[in-house]
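So you can see what is in the structure, the chains are spelled out below.
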Amino acid sequence: MNIVPDTNVLLRASIGDDPKQSLLAIAMLQQAEIVALTIPTLCEFVWVLARLYKRDKPDIARAVRQLIDSDTVQTDRPAVEAGLAMLEAGGDFADGVIAFDGRRLGGAVFVSFDRQAVSLVKRNGGEALLVDDGV
């Protein structure tokens, strides 16, 4: 079976906080021929690990890498790597994905009210502009 797991399946498999559901989630992921991990699901996974489970960024990056490194996983690896680069630099996974995907869609400049996100996008070689009262 080829599956598209919801965030709750990834969380149960990764966190193990509900023994019964965790075993079911792990079995489902291991039995699948293809596990299609969408970018929105991974963004949500990262957000829940950080906000609800209070995991630190290195732990979250390891959890994402563990998911995507499976032979059966299909994902937008360049977008995930852009998100991980941003996360590992101290920023938000989703901001890295947004900046990367936006460039692929023809956008040239990442714009945000988030000073840290703009700084990190610039540090990673992208163009970025802080939206403030002067713009």
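This paragraph deals with the overall build of the protein. The helix and strand inventory of the protein stands at seven helices and five strands. Going residue by residue from the N terminus, the α and β elements of the protein occur as β-α-α-β-α-α-β-α-α-β-α-β. The C-alpha extent of the protein, read off along each of the three principal axes, is 55 × 30 × 20 Å. Here the protein holds 135 residues, and 38% of them are scored as buried. Charge-centre separation for the protein: the mean point of 14 positive side chains lies 4 Å from the mean point of 19 negative side chains.

Let's shift gears to the sheet that holds strand β2 (residues 34-36). Judged by pairing direction, the sheet is parallel, and its three strands sit side by side in the order β1-β2-β3 without closing on themselves. Pairing within the sheet leaves two strands with one partner each, and these edge strands are β1 (2-3) and β3 (73-74).

Scanning all chains against the criterion turns up seven salt bridges. Arg12 is the salt-bridge partner of Asp17, the closest N and O atoms lying 2.9 Å from each other. The exposure class of Asp17 is partly exposed, given its relative accessible area of 40%.

Definitions and cut-offs
Residues numbered from 1 in each chain as written. Predicted model: local features only at pLDDT ≥ 70, side-chain atom pairs only at ≥ 80, totals over all residues. Heavy atoms only, no water. Helix = DSSP H or I, 4+ residues; strand = E, 2+ residues; numbered from the N terminus. Buried < 20%, exposed > 50% of the residue type's maximum accessible area, 1.4 Å probe, protein only. Lys, Arg positive; Asp, Glu negative; His and termini not counted. Charge placed at Lys NZ, Arg CZ, Asp CG, Glu CD. Pairing = 2+ DSSP bridges. Salt bridge = Lys/Arg side-chain N within 4 Å of Asp/Glu carboxyl O.

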